[in-house]
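Next come the chains, spelled out residue by residue.
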There are 4 protein chains.
Amino acid sequence: MAGSIFGKHFCISTWGESHGKAIGVVVDGCPAGLPLSEEDIQAYLNRRRPGQSLYTTSRQEADQVEILSGIFEGKTTGTPISMAVYNTSQRSGDYSEIASYYRPGHADYTFDQKYGFRDYRGGGRSSGRETIGRVAAGAVAAKILKELGIELCAYTCAVGDIEIDREHFSREEIGKNPFFMPDREAAKRAARYVQACMEARDSCGGVVECVITGVPAGLGEPCFDKLDARLAGAVMSVGAVKGVEIGDGFAAAVAKGSTNNDVFVSRDGVIGKETNHAGGILGGISDSSTVIVRAAVKPTPSIAARQRTVNKDGENIEICIHGRHDPVIVPRAVVVIEAMAALTVADVLLDGMGAKMEHIQKIWGV
Amino acid sequence: MAGSIFGKHFCISTWGESHGKAIGVVVDGCPAGLPLSEEDIQAYLNRRRPGQSLYTTSRQEADQVEILSGIFEGKTTGTPISMAVYNTSQRSGDYSEIASYYRPGHADYTFDQKYGFRDYRGGGRSSGRETIGRVAAGAVAAKILKELGIELCAYTCAVGDIEIDREHFSREEIGKNPFFMPDREAAKRAARYVQACMEARDSCGGVVECVITGVPAGLGEPCFDKLDARLAGAVMSVGAVKGVEIGDGFAAAVAKGSTNNDVFVSRDGVIGKETNHAGGILGGISDSSTVIVRAAVKPTPSIAARQRTVNKDGENIEICIHGRHDPVIVPRAVVVIEAMAALTVADVLLDGMGAKMEHIQKIWGV
Amino acid sequence: MAGSIFGKHFCISTWGESHGKAIGVVVDGCPAGLPLSEEDIQAYLNRRRPGQSLYTTSRQEADQVEILSGIFEGKTTGTPISMAVYNTSQRSGDYSEIASYYRPGHADYTFDQKYGFRDYRGGGRSSGRETIGRVAAGAVAAKILKELGIELCAYTCAVGDIEIDREHFSREEIGKNPFFMPDREAAKRAARYVQACMEARDSCGGVVECVITGVPAGLGEPCFDKLDARLAGAVMSVGAVKGVEIGDGFAAAVAKGSTNNDVFVSRDGVIGKETNHAGGILGGISDSSTVIVRAAVKPTPSIAARQRTVNKDGENIEICIHGRHDPVIVPRAVVVIEAMAALTVADVLLDGMGAKMEHIQKIWGV
Amino acid sequence: MAGSIFGKHFCISTWGESHGKAIGVVVDGCPAGLPLSEEDIQAYLNRRRPGQSLYTTSRQEADQVEILSGIFEGKTTGTPISMAVYNTSQRSGDYSEIASYYRPGHADYTFDQKYGFRDYRGGGRSSGRETIGRVAAGAVAAKILKELGIELCAYTCAVGDIEIDREHFSREEIGKNPFFMPDREAAKRAARYVQACMEARDSCGGVVECVITGVPAGLGEPCFDKLDARLAGAVMSVGAVKGVEIGDGFAAAVAKGSTNNDVFVSRDGVIGKETNHAGGILGGISDSSTVIVRAAVKPTPSIAARQRTVNKDGENIEICIHGRHDPVIVPRAVVVIEAMAALTVADVLLDGMGAKMEHIQKIWGV
């Protein structure tokens, strides 16, 4: 496959370029009978929309979603759900300059190498706008999960070296600051940090965390389709993500077995764990505690400062990238990472429907 | 799928439990005409074999591979290659105790939850012996890559908090110490560190790195099947891995755009990069510089110290895990991670065969 | 997967209902560098458009295709091609009657059983309009194949019991009669036959054949992904198709080995076959002679005559189906079957790119 | 993929050549908790074993299956089931002659074209022995289905032009004659017919039918993964099959809508159909009546009579094929076609587990 299809059961097929007519996604495999409206999707898309703060690109896009198929009388029919967002703010500018060279940290060079040429307008398919399809589909997945009591919550836990204080964690705070940080004080410090980056014509990165509660035990397949493997692949597929952790992640590498093992405990007949270093996954299968995934996001490669690079003729040149760019991608990556986690869990959940004869008897037994 | 199949073109199907008759793999999609012998496979399997040092389980297994199909007159035929390793050292011991409770940090509880019961002998399918199939198939993938000038090299870069000194990096050293570290001094310190863990009836983790050289530009698909996404999923699927990084990984999250961007430079008409923070991948597609992937490995969950846990009746109990266990899994994970990287790159490379009409004309044109 | 995705490399994801806003398809895996325009697609869609003769439904639809992504400066970019056709002629009529019962020969009952309810307007997803996505994507596949010298030609070889005379076969004739028959006299007889059916408020079926020339030897995989198996699955997936044959098909079952075997002959060093009972495929792999596939199409289930059936309350009732229906689906199935064959061959061709090391060296070798 | 993997959920990966060490299959995706033993598998394999009558090859093979993984205490564990049959009767003869030319009707030429060379010993991977893996896996699938009340029954309905008389259909008779025909008189005539073929150093074909009862309504996906499309692809993938029909098949092409439509009737609140021209499938989805699939099998291409062909040097030659060959493949194809139908239905059934929210709530709801 050519890379724009995700999932084995809950399959999404995304399409669209930054400066094309539209961007969208087809969801094949959504179960029938789920109440779904454009409002459900729009609520997610609004979280990734540009132009919402000083710290995101000033490109103004309504990013209004249209559902073209798969819904009847307010419910999913089990057939493909096609969703599209029409591009409205493509600047008709001159792209001949950007077409002629390779921006450092971008996919210009690699697309040219792979395909022989590229749609250079606004990054084409490698633009951040590609994530619109992921988020729209993720909203559908999240709605399925919610019906089952599974909820996702993603937020920024670091901007550059400004980290949240876990003691001051507040879910309510997440939506109240432009960085989607669950710690008001950290968000204030992050604002100053990003402001300084912008003044230096530079950019910065950060870390996004997603926690998933209500996941039943038993999701994920042994071996290659472990829940953590699926999450890692899904989250690393988001542009700019350079690292993924489950539970304690790299900190586990310096821990001891005696402290890293989560002790099982039984309380009133219910089995749980005293700690959650494992991030809710043992042997690749969910253990019913909170699933925790974390992603390292690199600094925005488009910076205003002068940079050296190479043009298509193989000449060493200097460039200045103009235009609308986020000084930090992290806040807009939050909902994208949540969407990828939702898509993964929904897909793994459907994948696990036939794990035991007892399940099959429940659905198809006489 | 149920998780034991990996790859889209170079597809492997692994099978086998720790205490079953045999463990193996079927490779479907290996191109015809590759010289291949059991020696090629055995060389890889020997690198993961137990009982080779003080720091690995004393379970003695020859792990002798047998090729059952797909080879004719010394070459692959293009049809499935079936490989098996017969188990010879299963202890016929009493497993009734281990069957009755859930070991912390293991998949006992989650397998029971998923399937209703489990093969508890030696961990069953969740045993480290499952990786034999991965390594055997990885040896085939690595041989294909080698014919194309692509070479993989994996090693341990940290054991607990003992890290290698990049200044003293030596490939020759890797095979000379029990930890597969490319730094002799670090390996000595690691030995003392692990020894101390063993004496404390405890275990430790570490970090494995794999570098891949000779990768042509253009491998990887945009969006979901990015080369880094595929590598992350593949490496995270190895038991005990809790984090994956590409290039600078989490360090990129605290860098600035101006320093994290790799400058393109042209030398004698050849385009390259001055640095490689990106780890050889831009926009999910290889850029022809070295691909770098890193994995955090958790401490062995089986420790000799007394631990609290829960039994199948939901009672809180205390246990002591007896038997043969590696105090640190890291050294044995090295070849497994290399194998997964080889499988991924081979698969992505085959996936990219039809990326442009020019390729297709080369193969099928009149 | 939920069934609306086809192909392993040249992957298409179709969507849309008869009375929804639009119908379309996303093609993921089209190689970069193929010249492609809306005219290329429209030419195919026009062949399946209703309202073109006395013998097709009078529903008038322009079925104008719009390409929304994946093309830049007149060429495919290698990224997903999204295509949509907006529905314009949905009658706003009252569907409450049709919603209440199960039409014989239709999918009403089975959709209700599978999903719990259905979009009953015009057949919803099970409408013949679903094939718009197939045909649009098939046009892209056919264009790739044409660049490689592979051409497809489908036509009607029987309407009811009116068969073409192979002696009078004429490709030029195909486009000149409403049945797409390659035999003018047979077409005239078919017209009379269908006219009689219409007068009897009845419908009829027929047989469609597709021949594919220029197929290089070596396409198709052994075992499950044989070229004939892939074609059979693809063609049988077209609504109303009840049988598929390759080459002599069922006639081979009554032949002898001595006559059914195609003798290999060498002429001027070129190996060919004297006959083609096999329909261009041996052991599931193309042998470079013409590939021949044939499909049996059932009579249109919507007939004007009174029929007995059951309603949703489980009562036995009598119904009369009103509205616009083709008395024979066969002519409109012709381009759909050609499209499915094109999609299959393109996919199998891409699947076979890495069959031998020599191929891989040609693309990725140093 | 390279063609030896079948299924999306119940995935089988077959391997092995006629004259290799062994032949086998790995089943990934069998639900946990199914009682399964080697006897279950052997019963199926015995039905395809050679040397059982005058009309099958005299090659004597015990074809004893060994289960190597995936079973614990008599039940499937949900992890891969690996099964192998060791080859014991490979003649060590001289294959240099057969290696030098292309047998008409065989895959010799196409394998050479595809892969550059071939394992010519006994047909290599294109040998009928390849079906051992299919049958072993099919036995597992059939056992799952049986637990759900779904039963398969395949038989020969024609040998050459000797057809069974549907009036004399008897299931009991099937196992009592060497052709697996459900009509004793037809079997006698078939014996004489095949005898005459053998005397003429010729071979013949026939038709196999498989009926599946107890299939619940709702199996199969709309569009490309229709139940009939999946069955057609699966059955056509069996070597020597040249045509596939569902229900009335090609006879439907000459029927009228008024007679081909199956009338729905309600009896005591249960909805059924008066007839079953559709073969149990409407719109690609099972309707709870008997599923009927039929396959045309070509005459054995290996005949004793002298034949013209071409050798590898491109010279026109004459050959005589010696050795052990079935004069008619049909009887041995019966269990293979049944196995493919079982694999398909099991896979489609697992595919449909998540068709509606109600199903998902049943498995994962809180």
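Further up the page is the structure itself.
Small disclaimer: the values here were computed from a predicted structure and weren't measured.

Section: the relation of the copies chain A and chain C
Right, so step 1: Mapping chain A onto chain C calls for a screw motion: a turn of 180 degrees about the axis and a shift of 0.0 Å along it, with 0.0 Å RMSD after fitting. The superposition operator between the copies reduces to a two-fold rotation axis. Among all C-alpha atoms of chain A, that of Ser13(A) lies closest to the rotation axis, at 3.5 Å.
Right, so step 2: Looking at the interface residues of chain A, 100% of them are also at the interface in chain C, so both copies use one shared face.

Some details on the packing of helix α1 (residues 38-48) of chain A against helix α4 (residues 131-147) of chain A
Residues and elements named next belong to chain A.
Right, so step 1: Taken N-terminus to C-terminus, the directions of α1 and α4 make an angle of 135 degrees; their axes are 9 Å apart at the nearest point. Taken together, the axis directions place α1 and α4 in an arrangement best described as oblique. Handedness of the crossing formed by α1 with α4: right-handed. For the pair formed by α1 and α4, the contact residues are Asp40, Ile41, Tyr44, Leu45 and Arg48 on the first element and Thr131, Ile132, Val135, Ala136, Ala139, Val140, Ala142 and Lys143 on the second.
Right, so step 2: Partitioned by chemical class, the residues of the contact of α1 with α4 number nine nonpolar, one polar and three charged.

Description of the interface of chain C and chain D
Right, so step 1: Listed as interface residues are 105 residues of chain C and, on the opposing side, 105 residues of chain D.
Right, so step 2: For the pair chain C and chain D, the summed buried area comes to about 8100 Å², and 60% of that belongs to carbon and sulfur atoms.
Right, so step 3: When the area that chain C buries against chain D is broken down by residue, the three leading residues are Lys114(C), Phe224(C) and Lys242(C), summing to 11%.
Right, so step 4: One can count four salt bridges joining chain C with chain D.
Right, so step 5: We note a salt bridge from Glu221(D) to Lys114(C), for which the minimum N-O separation is 3.1 Å.
Right, so step 6: Joining chain C to chain D, the criterion identifies 37 residue pairs in polar contact (both at pLDDT 80 or more).
Right, so step 7: The residue makeup of the side of chain C that touches chain D, split by class, is 48 nonpolar, 34 polar and 23 charged.
Right, so step 8: Bridging between strand β12 (residues 241-246) of chain C and strand β12 (residues 241-246) of chain D involves three bridges; their strand directions are antiparallel.

Here we look at the interface of chain A and chain C
Right, so step 1: With 44 residues of chain A at the interface, the matching set in chain C holds 44 residues.
Right, so step 2: Interface area, chain A with chain C, both sides summed: about 3400 Å², of which 64% is carbon and sulfur.
Right, so step 3: For the pair chain A and chain C, the interface holds four salt bridges.
Right, so step 4: Between Lys21(A) and Glu38(C) there is a salt bridge; the shortest N-O distance is 3.8 Å.

Some details on helix α1 (residues 38-48) of chain B
Residue and element names in this part refer to chain B.
Right, so step 1: Buried within α1 are the following residues: Ile41, Gln42, Tyr44, Leu45 and Arg48. Down the axis of α1, the buried set is contained in an arc of 165 degrees. They therefore lie on one face.
Right, so step 2: Next to the buried residues of α1 lie β4 (65-67), β7 (81-86), α4 (131-147) and α8 (330-351).

Describing the relation of the copies chain C and chain D
Right, so step 1: The transform that puts chain C on chain D rotates by 180 degrees and translates by 0.0 Å along the axis, for an RMSD of 0.0 Å.
Right, so step 2: In this assembly, 100% of the residues forming the interface of chain C have copies in chain D that are likewise at the interface, indicating an isologous arrangement.

Quick word on the packing of aromatic side chains
Right, so step 1: A full pass over the atoms with the stated rule returns 30 aromatic pairs over all chains.
Right, so step 2: Residues Tyr109(A) and Phe264(B) carry aromatic rings whose centres are separated by 5.3 Å and whose planes lie at 55 degrees to one another, so their mutual orientation is tilted. Of this pair, Tyr109(A) sits in helix α3 (residues 108-115) while Phe264(B) sits in strand β13 (residues 264-267), placing the two residues on different chains.
Right, so step 3: Of the residues examined, Tyr109(A) reaches a relative accessible area of 7% and is grouped as buried.
Right, so step 4: Residue classification places Phe264(B) among the buried positions, given a relative accessible area of 1%.
Right, so step 5: An angle of 85 degrees between the planes, with centres 5.1 Å apart, marks the rings of Tyr120(B) and Phe72(D) as edge-to-face. Here the residue Tyr120(B) occupies a position in the loop between α3 (108-115) and α4, and Phe72(D) occupies one in strand β5 (residues 71-72), the pair thus bridging two chains.

Rules used throughout
Residues numbered from 1 in each chain as written. Chains lettered and ligands numbered in written order. Predicted model: local features only at pLDDT ≥ 70, side-chain atom pairs only at ≥ 80, totals over all residues. Heavy atoms only, no water. Least-squares fit on C-alpha atoms with pLDDT ≥ 70 in both. Contact = heavy atoms within 4.5 Å. Axes fitted to C-alpha atoms, helices over the stretch in contact; angles between N-to-C directions. Helix = DSSP H or I, 4+ residues; strand = E, 2+ residues; numbered from the N terminus. Parallel < 35°, antiparallel > 145°, perpendicular 65-115°, else oblique. Left-handed = near helix turned anticlockwise from the far one by under 90°. Nonpolar A, V, L, I, M, F, W, Y, C, P; charged D, E, K, R; others polar. Buried area = accessible area lost by both parts, 1.4 Å probe. Salt bridge = Lys/Arg side-chain N within 4 Å of Asp/Glu carboxyl O. Polar contact = N/O pair within 3.5 Å; in protein donor to acceptor, adjacent residues only side chain to side chain. Pairing = 2+ DSSP bridges. Buried < 20%, exposed > 50% of the residue type's maximum accessible area, 1.4 Å probe, protein only. Arc of directions from axis to C-beta. Phe/Tyr/Trp six-rings, centres within 6.5 Å; stacked < 30°, edge-to-face > 60°.

Limitation: the analysis is restricted to geometry and does not speak to function.
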